[in-house]
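Each chain is listed here by its residues.
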Amino acid sequence: MTTTEYRRILLDGAVVEVVREGAELVAADGRRIKAADAHHLPPVAPGKIVAVHLNHRSRVEEFGTSLPSAPTYFHKPTSSLNAHGGAVVRPAGCKYLNYEGEIAIVIGRTCRNIAPADAGAYIRGYTLANDYGLHDFRDTDAGSMLRVKGSDTLCPLGPGLVEGWDFRGKALRTYVNGLVVQEGSTDEMEWDMHYLVADIARTITLDPGDVLLSGTPAGSRPVQPGDVVEVEAEGLGRLANHIVTGPTPIRTDCGAQPTESEEVRSTALGGDWELRGIRAPRR
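- Looking at an unreviewed UniProt entry, one finds the protein chain named 2-hydroxyhepta-2,4-diene-1,7-dioate isomerase and attributed to Embleya hyalina.

## What about the overall build of the protein chain?
Here comes step 1: A count of helices and strands for the protein chain gives five helices and 19 strands.
Here comes step 2: At 18 Å, the protein chain has a C-alpha radius of gyration in line with the 19 Å of a compact globule built from 283 residues.
Here comes step 3: For the protein chain, the C-alpha atoms occupy an extent of roughly 55 × 45 × 35 Å along the three principal directions.
Here comes step 4: Here the protein chain holds 283 residues, and 51% of them are scored as buried.
Here comes step 5: At a minimum sequence separation of 6, the contacts of the protein chain that also span at least 24 residues come to 73%.
Here comes step 6: When the accessible area of the protein chain is evaluated, it comes to approximately 12100 Å², of which 51% is carbon and sulfur surface.
Here comes step 7: Averaged over its 30 positive side-chain charges, the protein chain has a centre that lies 2 Å from the centre of its 37 negative ones.

## Details of the sheet that holds strand β19 (residues 237-249)
Here comes step 1: An order of β9-β19-β18-β15-β16 is seen for the five strands of this open sheet, with the pairing classed as mixed. Among the strands making up the open sheet, the edge pair consists of β9 (87-92) and β16 (179-185). Going across the sheet, the axis of each strand differs from the next one's by a mean of 20 degrees, ignoring polarity.
Here comes step 2: Bridge count for strand β15 (residues 171-176) against strand β18 (residues 228-233) is five bridges, and the pairing is antiparallel. Paired with Val176 across the bridge in β18 is Val229.

## Thoughts on unusual backbone geometry
Here comes step 1: Cis geometry marks the peptide bond from Gly158 to Pro159, where omega comes out at 0 degrees.
Here comes step 2: Here Pro159 lies in strand β14 (residues 155-163).
Here comes step 3: Phi is positive for Thr153, which is not a glycine, with a value near 80 degrees.
Here comes step 4: Since its relative accessible area comes to 17%, Thr153 is described here as buried.

Each value, and the rule that gives it
Residues numbered from 1 in each chain as written. Predicted model: local features only at pLDDT ≥ 70, side-chain atom pairs only at ≥ 80, totals over all residues. Heavy atoms only, no water. Helix = DSSP H or I, 4+ residues; strand = E, 2+ residues; numbered from the N terminus. Rg over C-alpha atoms; globule rule 2.2 N^0.38 Å. Buried < 20%, exposed > 50% of the residue type's maximum accessible area, 1.4 Å probe, protein only. Contact = heavy atoms within 4.5 Å. Areas by Shrake-Rupley, 256 points an atom, 1.4 Å probe, with all protein chains shown as cover. Lys, Arg positive; Asp, Glu negative; His and termini not counted. Charge placed at Lys NZ, Arg CZ, Asp CG, Glu CD. Pairing = 2+ DSSP bridges. Axes fitted to C-alpha atoms, helices over the stretch in contact; angles between N-to-C directions.

As structure tokens, then:
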């Protein structure tokens, strides 16, 4: 199947959708720029971002838990969007910012109450995502995951949106400073891309550009300011971001504060969700 990769970039001060041709990006008017030199934006502008909690079997086994009978989800606000090459901000005073390399589904047609077998016709394409989690807020946001997964900059997408890509049998890897830290496959997903779209669309209308994050394999761990994190899948390229410390700490005159409880540390460091404290050694 032929694939086409689209990217959104800033070109001469304007937001432009371009097509990748090898190492170059080409605008509709013929302007060309090297992909390595482009200022990337998220490849789509979604109205909503929905993410599945657990889907990869290696992640389930890592935590020593079991999958529910059906997938469960959380919402990432669009203000969390980030792009290829962008800085991911760990707020001052926080310690447990984890990467989660994923594949993102991008909706192409308004979608509501469809069968899984028909979902492919409503998907425009796929891109890479890093579903970062700020686990310092897990004690207070465990139900909603709002600050854990929805804080500013914690949803990089890119580098491009690929149409005509077959998600089956694809390897998914995450790198930190060039070393592989996550390695999985779309074949280990309990619920595939079509199922996820149909499940959400039973009660929530999905509009063109909306994004669904399909889950991460085992190996999510905290990263530090200065680290470079990359997510890669065959046919989707490589999404790269770097970690920075936020310029101001979390305010203390309102709201819950970052914590370092056993639940926070166990989740961030890859421990057992049922038996807190049984976890991988510190890295």
